[in-house]
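Next come the chains, spelled out residue by residue.
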Amino acid sequence: MDRLANTVRPYAWGSTTALPELLGTAPTGEPQAEMWLGAHPGAPSRIDRGAGPVSLAEVIDAAPEAELGADTVRAFGPRLPFLLKLLAAGSPLSLQVHPDRAQAAEGFADEERRGIPIDAGHRNYKDANHKPELIVALTPFDGLCGFRHPAQAADLLAGLGVDDLKPYVDILRASPEEDALREVLTAVLSAEHHAIAGTVERAAVAAGQLAAQGGPHADAYAAYAVLAHHYPGDPGVLAAMLLNHVQLQPGEALFLGAGIPHAYLGGLGVELMANSDNVLRCGLTPKHVDVPELLRVVRFEAGDAGVLRPEDVNGEEVYETPIDEFRLSRFVTAPGAAPHALPSRTPQILLCTAGTVRLREVGSEAGDGLVLAPGESVFVPAGERVTLSGDGTLFRATVVA
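Residues numbered from 1 in each chain as written. Predicted model: local features only at pLDDT ≥ 70, side-chain atom pairs only at ≥ 80, totals over all residues. Heavy atoms only, no water.

Between its first and last C-alpha atoms helix 10 (residues 218–230) spans 19 Å; for 13 residues at 1.5 Å apiece the expected length is 18 Å, and the two agree. All of the buried residues in helix 10 are Ala218, Ala220, Tyr221, Ala223, Tyr224, Leu227 and Ala228. Summarising the contacts, the buried residues of helix 10 are in contact with strand 9 (141–147), helix 6 (150–158), helix 9 (193–213), helix 11 (236–240), strand 10 (243–248) and strand 12 (262–274). (Helix = DSSP H or I, 4+ residues; strand = E, 2+ residues; numbered from the N terminus. Expected span 1.5 Å × (residues − 1). Buried < 20%, exposed > 50% of the residue type's maximum accessible area, 1.4 Å probe, protein only. Contact = heavy atoms within 4.5 Å.)

Here is the structure:
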């Protein structure tokens, strides 16, 4: 197994303190948004097998079957099919949605055919893959996920008492579910900015007042007021009011499949996703919003956010999702407990998030193995047998065997 040296991305929405506190490093005063663990070309982890640091992507490219195993290469190709992250949101991320495989392949091929540069600001598809993702809260974590039922969204908007919102309220109460959500989201995102900015401002002021008064929607109204503070006049604030507001407790998770609109608002979490960069934005961003393409991808289905809790499988707490490219689980180790043997058929990234965890290679003569502190991680190639013990929390990212 190999210790990983990982890159921290300084996106503007990142917390200035959450990752330094976890990693035990001094804050720089600058945002530290995401730490990437894996072989994504944008910021691959680095390992050192005695000849100096080298990109994990290069190591896998040189011998994919040796690193990933024949089964993984056969199923997903000669690259690590997932990307693991520590995500620290100090302010809201953009409201966004991800395509399914067919939509991504079609969109990528179309933009390639039209000669749109891969780094162009108006480009939607960076690759031909889908990007389902899973976020597990390490601290209380605030987010938006999936559409509210139209009647609930209508009540929320009506409660603001803003006359400009009444047409949306009427549509949400009178039309069939899918039609209502589609019509209102289309109207909000297609409106001229100068025409809707005032409505957003009035809604934000009302939301702030109602949040201060308390009541059944106080937390949601507070979240929308914060969004409007960060993105004044942005129609994405109204779009966000159509979505479920979710407050995760540590250990709880959200799975975000294709077509599900979502946004992270604040908190620290472990995120695992398919190895893709495809994001279509709905608002809360100065970046490009392609409304027609977005509406082609969004699934206008209402329902609860679907908070996930891990299921114990022989001491491994597994977050079940319908995705084969990744599988995330958690181990909470206790002093004096017998070492736990990890499955070895698939490639793994192991990340410590609390306490200390000791990893040993089965049959190795390498002394005491490796001890991981919070924020430290390793890559375990397929076929390598490892046990874990200690007094801490370890997340295991791999593929479905």
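We are not done yet, so read on.
Below, the discussion takes up the packing of helix 6 against helix 7 (residues 166–174). Any two packed helices are characterised by the angle at which their axes cross and by the distance between the axes. It is at 8 Å that the axes of helix 6 and helix 7 come closest, and there the two elements cross at 155 degrees. With respect to their mutual orientation, helix 6 and helix 7 come out roughly antiparallel. At the point where helix 6 passes helix 7, the crossing takes the left-handed sense. Of the residues in helix 7, those in contact with Pro150, Ala151, Ala153, Ala154, Asp155, Leu157 and Ala158 of helix 6 are Tyr168, Val169, Leu172 and Arg173. Of the residues in the contact of helix 6 with helix 7, the class split is nine nonpolar, no polar and two charged. (Axes fitted to C-alpha atoms, helices over the stretch in contact; angles between N-to-C directions. Parallel < 35°, antiparallel > 145°, perpendicular 65-115°, else oblique. Left-handed = near helix turned anticlockwise from the far one by under 90°. Nonpolar A, V, L, I, M, F, W, Y, C, P; charged D, E, K, R; others polar.)

Another aspect to go through is helix 9. Along an α-helix, residues three or four positions apart point the same way, because every turn accommodates 3.6 residues. Compared with the 30 Å implied by 1.5 Å per residue over 21 residues, the 30 Å span of helix 9 between its first and last C-alpha is a close match. Taken residue by residue, helix 9 has Ile196, Ala197, Thr199, Val200, Ala203, Ala204, Ala206 and Ala207 as its buried positions. On its buried face, helix 9 is in contact with helix 7, helix 8 (177–190), helix 10 and helix 11. A positive backbone phi angle near 85 degrees is found at Gly214, which sits one or two residues after helix 9.

Tallied over the full model, the rule gives 22 salt bridges. Across the salt bridge formed by Arg49 and Glu67, the nearest N and O atoms sit 2.9 Å from each other. With Arg49 in the loop between strand 4 (46–48) and strand 5 (53–55) and Glu67 in helix 3 (residues 64–68), this residue pair connects regions lying 18 residues apart in the sequence. By relative accessible area, which is 7% here, Glu67 ends up buried. In this structure, Glu106 and Arg296 form a salt bridge, with 3.5 Å as the shortest nitrogen-oxygen distance. In this pair, Glu106 sits in helix 5 (residues 101–113) while Arg296 sits in helix 12 (residues 291–297), placing the two residues 190 residues apart along the sequence. The class for Arg296 is partly exposed, based on a relative accessible area of 34%. Through salt bridges that share partners, Asp2, Arg49 and Glu67 make up one connected network. (Salt bridge = Lys/Arg side-chain N within 4 Å of Asp/Glu carboxyl O.)

Both faces of strand 20 (residues 377–380) are covered, namely the face carrying Ser377 and Phe379 and the face carrying Val378 and Val380. Relative to strand 20, strand 1 (residues 2–3) runs antiparallel, the two being bridged by two bridges. Across the sheet, Arg3 pairs through a bridge with Val378, a residue of strand 20. Sheet analysis places strand 18 (residues 348–361) next to strand 20, joined by four bridges and oriented antiparallel. Among the inter-strand pairings, Leu350 is bridged to a residue of strand 20, identified as Val378. (Pairing = 2+ DSSP bridges.)

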